[in-house]
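Coordinates in review
Given next are the chains, with one letter for each unit.
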Amino acid sequence: MAKRGRGEDYRLIAGDTAVPNELVQAVKERSAVLFVGAGPSISIGLPSWQSLIDHLADELKLDPADLVNTPASHYSLAEYYRIVQGSIGPLRSWMDRNWKVSEEQVRHSRMHELIVSLNFPILYTTNYDRNIEAAFAAHGRDYTKIANARDIANVREGVAQIIKFHGDFDDDDSLVITETDYFNRLAFDSPLDVKFRADTLGKTVLFIGYSMSDLNIRLLLHNLWRTWLKSGHERDRPKSFVFMSRPHPVQAAILAEWGITVLSTEHDQPDQALTEFLQRLHDAVG
């Protein structure tokens, strides 16, 4: 394994099975938290954000040409949808019907199997879909799903927690879909934010399936770093990691400033790169 830059960017070379020992030990001791982005779901056929933008433009009778070179995102279009339609309910129903893949696809996904078998006690995800829950069910593992404050009371000792950080289709009020939802979450004062700080402050965190362009996630990482910095005990902070299928020197440098170690490969296929990384971690944990 090659170590680059400021000492916080690990390049996993093809054929090298090593992963950082701090990460291996944390997973072994079940003192690591997994944070899962859209990558694993897209790898098994979940629609992209662009498909949501296209649907919103069609529903709102917007000319796609008018959206070119504008700051419109799925958050702002969903906000406009709520204003025009009076409710986000129909959009949620459409996403629930279309933003899913078959249980068979999940069952045969090696990536999802590895996520389950690595036995993280706590998993966070910004995905609305139920693919992680389906993977746990497919491989006979019990779990508790947490999407709101009420669900926190259902946590059971020794049972994996799957925290739906941006909400769940079973609870419309929990969904972070519109721009207002997004800005409200940036305040980081909801019950799930409080839980995240409590869960991660003294644990290793591994982020997978993210491009690290999501401002919400970047601010979350920054706030975690700032909490440790203010404490005066930053040197005692457990290491945290982000896996990226391809190295990005700008992001790696910024994340290193915040105490986040970037793990990357030189792979052309992001889903295969992530699967191979999880397999290496699984083998190292034993």
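So, how was this worked out
- Residues numbered from 1 in each chain as written.
- Predicted model: local features only at pLDDT ≥ 70, side-chain atom pairs only at ≥ 80, totals over all residues.
- Heavy atoms only, no water.
- Helix = DSSP H or I, 4+ residues; strand = E, 2+ residues; numbered from the N terminus.
- Rg over C-alpha atoms; globule rule 2.2 N^0.38 Å.
- Buried < 20%, exposed > 50% of the residue type's maximum accessible area, 1.4 Å probe, protein only.
- Contact = heavy atoms within 4.5 Å.
- Areas by Shrake-Rupley, 256 points an atom, 1.4 Å probe, with all protein chains shown as cover.
- Salt bridge = Lys/Arg side-chain N within 4 Å of Asp/Glu carboxyl O.
- Polar contact = N/O pair within 3.5 Å; in protein donor to acceptor, adjacent residues only side chain to side chain.
- 1 Å grid on protein atoms, 1.4 Å probe; cavity = no way out; pocket = protein on both sides within 12 Å on 5 of 7 lines; lining within 4 Å.
- Points joined across faces, edges and corners; volume = space filled by probe spheres on them.
- Nonpolar A, V, L, I, M, F, W, Y, C, P; charged D, E, K, R; others polar.

1. Description of the overall build of the protein
Helix and strand content of the protein: 15 helices and nine strands. The C-alpha atoms of the protein give 19 Å as radius of gyration, which agrees with the globular expectation for 286 residues (19 Å, within 12%). C-alpha atoms of the protein, sized along the principal axes, occupy 50 × 40 × 40 Å. Here the protein holds 286 residues, and the buried ones make up 50% of them. Look at the contacts in the protein between residues 6 or more apart in sequence, and 68% of them connect residues 24 or more apart. With the model as given, the accessible surface of the protein reaches about 13,300 Å², and the carbon-plus-sulfur share is 51%.

2. Details of the pattern of salt bridges
Throughout the structure, instances matching the rule amount to 14 salt bridges. With a shortest N-O distance of 2.7 Å, Asp168 and Lys164 are connected by a salt bridge. Taking relative accessible area as the criterion, Lys164 reaches 0% and is therefore assigned buried. Note that Asp199 and Lys195 form a salt bridge whose closest N and O atoms lie 3.0 Å from each other. Of this pair, Asp199 and Lys195 both sit in helix α12 (residues 191-200), four residues apart, which is roughly one turn of the helix. Overlapping salt bridges, with partners in common, bring together Arg92, Asp96, Arg130, Glu133, Lys145, Lys164, Asp168, Asp170 and Asp172 in one network.

3. Some thoughts on the side chain of Thr265
Structurally, Thr265 can be placed in the loop between β9 (260-264) and α15 (270-285). Reaching out from Thr265, the side chain makes a polar contact with the backbone oxygen of Ser245 at a distance of 2.6 Å.

4. As for empty space enclosed by the protein
In the structure shown here, the tally under the stated rule is one cavity of 30 Å³ or more. Approximately 30 Å³ is the volume found for the largest cavity. If you trace the largest cavity, you find it lined by Arg82, Ile88, Asp172, Leu175, Ile177 and Asp181. Among the residues making up the lining of the largest cavity, the classes are represented as three nonpolar, no polar and three charged.

5. Re the environment of Gly37
Position of Gly37 relative to the elements: it lies in the loop between β3 (32-36) and α2 (39-43). Under the relative-accessibility criterion, Gly37 is labelled buried at 0%. In sequence terms Gly37 and Ala137 are 100 residues apart; their C-alpha atoms lie 19 Å from each other. Dropping the residues within four chain positions of it, Gly37 is found in contact with Thr126, Asn127, Ile208, Gly209 and Tyr210.

Such coordinate-based values are descriptive only and should not be taken to indicate function.
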